[in-house]
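Summary of the model geometry
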Amino acid sequence: MIEIQSLTFRYEGADRDALRDVTLTVPDGAFLGIIGPAGAGKTTLAHAIGGIIPHAVRGDFYGAVRVNGSDTAETRLTDLSRMVGTVFQDVESQIISSVVEDELLYGLENFGVPRDEIEERLTFALEQVGIAPLRHRTVSSLSGGQRQKVAIASLVALRPGILVLDEPTGELDPFSSRQVFSLLRTLNREYGMTIVAVEQKIMLLCEFADRLAVLSEGRIAREGTVRQVLCDIRALEEIGVNCPRAALFSSLLAEKTGAEVPVCVNAEEAVEAARRVLG
Ligand SMILES: Nc1ncnc2c1ncn2[C@@H]1O[C@H](COP(=O)(O)OP(=O)(O)OP(=O)(O)O)[C@@H](O)[C@H]1O
Ligand SMILES: [Mg+2]
């Protein structure tokens, strides 16, 4: 469980807070999507959950973040990394090995995973992420999207209870993006991993996440189930979040016809609403 209590953070030398009075609870087993415009504080929040803030980044930190009951400010980063795995927005800075297989082995060995478990975990992670054929490739020969998958696979291999991903599909095409989110769903549903994903592709979040948190200027502007958050299209537009077309459609349908139309989160629901209202 992640408990964030009145968290305010200002980077050293910055003239405003990157996060302001953020309070958020993510229960075990949740799949939370975080959205918000550029500079809203999404990466800062992701780093605060993983403990990178305050441990590796200078700044003024007020409030508290607890992960599985441990106060992140008082827990060593190495201990936190066993509970929370973070895939950085800038994956390049995360990959340290020159061969894919070594990147996964590095983490597994560092975590002291028993020898006889290593091969199974390595194969599982590579297969789940869909990069088994890349096992012996050099990282420098990979595309940005493939590197993103390597970073994800190295964390999957470590099986932390909580996985935080900062724009994990930023370099990926639509097909691979869905593939990554399907994997996250499997990890969430079958392995009970708590998932926190910062993502620009809101349609993907609407399909895969259970809840959404919307950040705006360092604050949590909206939080709730996907449906609850999408209900207020106007608010999302004002914040600068791209709304899914299905939700825009249902809001327009209600406005133009005066009919009561519940918010639609996908194309099927939009078609169904159109049939019902327009006949
Ligand atoms: N290392 C830093 N030093 C000073 N200010 C920073 C630093 N990193 C981020 N900021 C500022 O903190 C605020 C929040 O940044 P953050 O990177 O968390 O936003 P974001 O929502 O992840 O944006 P993006 O969508 O561009 O990734 C921004 O105003 C940003 O300029
Ligand atoms: Mg960011």
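Coordinates for the structure precede this section.
What comes next is a walk through the structure.

The rules we used
- Residues numbered from 1 in each chain as written.
- Chains lettered and ligands numbered in written order.
- Predicted model: local features only at pLDDT ≥ 70, side-chain atom pairs only at ≥ 80, totals over all residues.
- Heavy atoms only, no water.
- Core = buried A, V, L, I, M, F, W, Y, C linked by side-chain atoms within 4.5 Å.
- Buried < 20%, exposed > 50% of the residue type's maximum accessible area, 1.4 Å probe, protein only.
- Helix = DSSP H or I, 4+ residues; strand = E, 2+ residues; numbered from the N terminus.
- Contact = heavy atoms within 4.5 Å.
- Near = heavy atom within 4 Å.
- Polar contact = N/O pair within 3.5 Å; in protein donor to acceptor, adjacent residues only side chain to side chain.
- Areas by Shrake-Rupley, 256 points an atom, 1.4 Å probe, with all protein chains shown as cover.
- Nonpolar A, V, L, I, M, F, W, Y, C, P; charged D, E, K, R; others polar.
- Phe/Tyr/Trp six-rings, centres within 6.5 Å; stacked < 30°, edge-to-face > 60°.
- Pairing = 2+ DSSP bridges.
- Axes fitted to C-alpha atoms, helices over the stretch in contact; angles between N-to-C directions.

Leu184, Ile195 and Leu230 are the most contacted members of the largest nonpolar core, which has 59 residues in total. If one sorts the elements of this core by residue count, helix α6 (residues 144–158) sits on top with eight residues. The residues touching isoleucine 195, leaving out its near neighbours within four places in the chain, are Ala30, Phe31, Leu32, Leu163, Leu165, Leu184, Leu187 and Asn188. Counting 28 residues, the second largest nonpolar core, distinct from the first, contains Ala40, Val67, Ile162 and Val198.

Before going further, it helps to spend a moment on the site of ligand 1. Inspection of the region around ligand 1 gives 14 residues, with Gly39, Gly41, Lys42, Thr43 and Thr44 positioned closest. The separation between an oxygen atom of ligand 1 and a polar main-chain atom of glycine 39 is 2.8 Å. Residue glycine 41 places a main-chain N or O atom 3.0 Å away from an oxygen atom belonging to ligand 1. Across the complex, the protein chains shield 62% of the 640 Å² of accessible surface that ligand 1 would expose by itself. The leading source of residues in the shell around ligand 1 is helix α1 (residues 42–50), at three residues. Counted by class, the shell around ligand 1 contains five nonpolar, six polar and three charged residues.

Below, the discussion takes up the environment of glutamate 12. As for its placement among the helices and strands, glutamate 12 is situated in the loop between β1 (2–11) and β2 (19–26). Assessed through its relative accessible area of 58%, glutamate 12 is described here as exposed. In sequence terms glutamate 12 and glycine 59 are 47 residues apart; their C-alpha atoms lie 4.3 Å from each other. Aside from chain neighbours lying at most four places away, what touches glutamate 12 is Arg58 and Gly59.

Another point: the packing of aromatic side chains. The tally for this structure, following the rule as stated, stands at five aromatic pairs. Between phenylalanine 181 and phenylalanine 208, the ring centres sit 5.8 Å apart and the planes meet at 45°, which makes this aromatic pair tilted. Of this pair, phenylalanine 181 sits in helix α7 (residues 174–191) while phenylalanine 208 sits in helix α8 (residues 202–208), and the two are 27 residues apart along the sequence. Accessibility expressed as a relative area gives 4% for phenylalanine 208, which makes it buried.

Another aspect to go through is the sheet that holds β1. The sheet built from four strands is open, its strands ordered β2-β1-β4-β5 with antiparallel pairing. If you trace the sheet from one side to the other, it starts and ends with β2 and β5 (70–71), each paired once. The pairing of β1 with β2 spans five bridges and is classified as antiparallel. For phenylalanine 9, the partnering residue across the bridge sits in β2 and is leucine 19. Lying on the sheet, α1 is in contact with β1, β2 and β4 (59–67); it crosses β1 at an angle near 125°.

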